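# Architecture at a glance
If you want the building blocks of each chain, they are given just below.
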Amino acid sequence: MKKLYILDFDGTLGDTRQLIVNTMQQTLQALSLPSRTDDECAAMIGLPLKQTFTHLIPMDDEMGERCQQTYNELFLRNNKAGCVPLFPHVVSTIRQLHARGAVMTIASSRGRDSLQAFVDDLGLGPYISYIVSAWDVKNAKPAPDMVLDILSHTGIPASEAIVVGDTSYDILMAKAASVTACGVTYGNGRREELVEAGADWVIDDFADLCS
């Protein structure tokens, strides 16, 4: 068992895929941009919000800003209470690791306001000691900044830390910070992508972190 767990949120803890994809597609429609499939939109999850659109469709910086603003407005409307469930065994596993003395943290490309709201609403608050959002670092995933921030804050060495995430961006972030990387297959990334990115460990169930 590691001393420090650095957990992604979207696609790792919370099942936000449909909420995010629907809001992305509504954003494209509202701005008269070309439509994209569910899978094409989901493949962008894990990037900072503006980049999800600039990577999805060729556009200038100004349009990227408009996409980000429109998405945020639509997300507030779409994010109704109870629409985002946690994946199976998330709470019980985090509780168990916390009870064993592990430090539980989150590193997410989500903005701090919605991330904190999800943590509180989904009952994770008592176990998560530190959160780093896209707003808190200069360079978001796959850069190592989030992990380095958490290592600095906790004082725990990289050798005692593990990043757990569902996309290649999470794995690449961990590798860039010289931290063990664990990929989960039930989120938005495929096993092959996680392995190719350099995952040290790939699991099909969040509870496997306790094994």
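Details of the structure are given in the entry above.
Here is a short report on the structure shown in this document. Given the structure is predicted, the values throughout are model-derived calculations rather than measurements.

What counts, and at which threshold
Residues numbered from 1 in each chain as written. Predicted model: local features only at pLDDT ≥ 70, side-chain atom pairs only at ≥ 80, totals over all residues. Heavy atoms only, no water. Helix = DSSP H or I, 4+ residues; strand = E, 2+ residues; numbered from the N terminus. Buried < 20%, exposed > 50% of the residue type's maximum accessible area, 1.4 Å probe, protein only. Contact = heavy atoms within 4.5 Å. Areas by Shrake-Rupley, 256 points an atom, 1.4 Å probe, with all protein chains shown as cover. Lys, Arg positive; Asp, Glu negative; His and termini not counted. Charge placed at Lys NZ, Arg CZ, Asp CG, Glu CD. Pairing = 2+ DSSP bridges. Arc of directions from axis to C-beta. Core = buried A, V, L, I, M, F, W, Y, C linked by side-chain atoms within 4.5 Å. Right-handed = clockwise from strand over helix to strand, strands pointing away. Axes fitted to C-alpha atoms, helices over the stretch in contact; angles between N-to-C directions.

## A short note on the overall build of the chain
Helix and strand content of the chain: nine helices and six strands. The principal-axis extent of the C-alpha atoms belonging to the chain is close to 50 × 35 × 30 Å. Expressed as a percentage of its 211 residues, the buried residues of the chain come to 50%. Once local pairs closer than 6 in sequence are excluded, the contacts in the chain between residues at least 24 apart make up 62%. On the chain, roughly 9500 Å² of surface is accessible, and the fraction owed to carbon and sulfur atoms is 49%. Here the chain holds 17 positive side-chain charges and 27 negative ones, and the gap between their average locations is 2 Å.

## Quick notes on the pairing of strand E1 (residues 4–7)
By the alternation rule, side chains of E1 split into Leu4 and Ile6 and Tyr5 and Leu7, which are all buried. Across four bridges, E1 lies against strand E2 (residues 103–107) in parallel orientation. Bridged to Leu4 within E2 is Val103. Pairing analysis gives four bridges linking E1 to strand E4 (residues 161–165), with the strands arranged parallel. Across the sheet, Tyr5 pairs through a bridge with Ile162, a residue of E4.

## Structural notes on helix H8 (residues 168–176)
Buried within H8 are the following residues: Tyr169, Asp170, Ile171, Met173 and Ala174. Looking at the buried side of H8, the elements it contacts are E2, helix H7 (145–154), E4, strand E5 (180–184) and helix H9 (191–197). At the exit of H8 stands Ser178, carrying a positive phi of roughly 60 degrees.

## Concerning the environment of Gly11
Structurally, Gly11 can be placed in the loop between E1 and helix H1 (17–30). Looking at Gly11, the relative accessible area reads 4%, which means it is buried. Residues in contact with Gly11, not counting those within four places in the same chain, are Thr16, Phe87, Asp166, Val184, Tyr186, Gly187 and Asn188.

## Here we look at helix H5 (residues 90–99)
Listed in full, the buried residues belonging to H5 are Val90, Thr93, Ile94 and Leu97. With its buried residues spanning 95 degrees around the axis, H5 presents them on a single face. A positive backbone phi angle near 105 degrees is found at Gly101, which sits one or two residues after H5.

## Considerations on the nonpolar core
With 49 residues, the main nonpolar core has Leu13 and Ile94 as its most contacted residues. Looking at this core element by element, the count peaks at five residues for H1. Non-local contacts of Ile94, meaning those with residues more than four positions away in its chain, are made with Leu7, Leu13, Met104, Leu124, Tyr127 and Phe206. Counting residues in each nonpolar core, the second largest holds 23 residues, with Ile6, Val137, Ala140 and Ala177 among its members.

## Some thoughts on the pairing of strand E3 (residues 128–132)
The pairing of E2 with E3 spans four bridges and is parallel. In the strand pairing of E3, Ile106 is matched with Ile131. Handedness of the crossover joining E2 and E3 through helix H6 (residues 112–121) is recorded here as right-handed.

## What to know about the sheet that holds E2
Pairing in this open sheet of six strands is parallel, and the strands run E3-E2-E1-E4-E5-E6 from one edge to the other. Where the open sheet ends on each side, the last strands, each with one partner, are E3 and strand E6 (201–203). For this sheet, the mean angle separating the axes of adjacent strands, direction not counted, is 25 degrees. Strand contacts of H7: E1, E2, E3 and E4, with the helix running at about 140 degrees to E3, the strand carrying the most contacts.

## So, the environment of Leu19
Mapping Leu19 onto the fold places it in helix H1. Placed 59 residues apart in sequence, Leu19 and Asn78 show a C-alpha to C-alpha distance of 7.2 Å. Residues in contact with Leu19, not counting those within four places in the same chain, are Phe75, Asn78, Asn79, Cys83, Val84 and Phe118.

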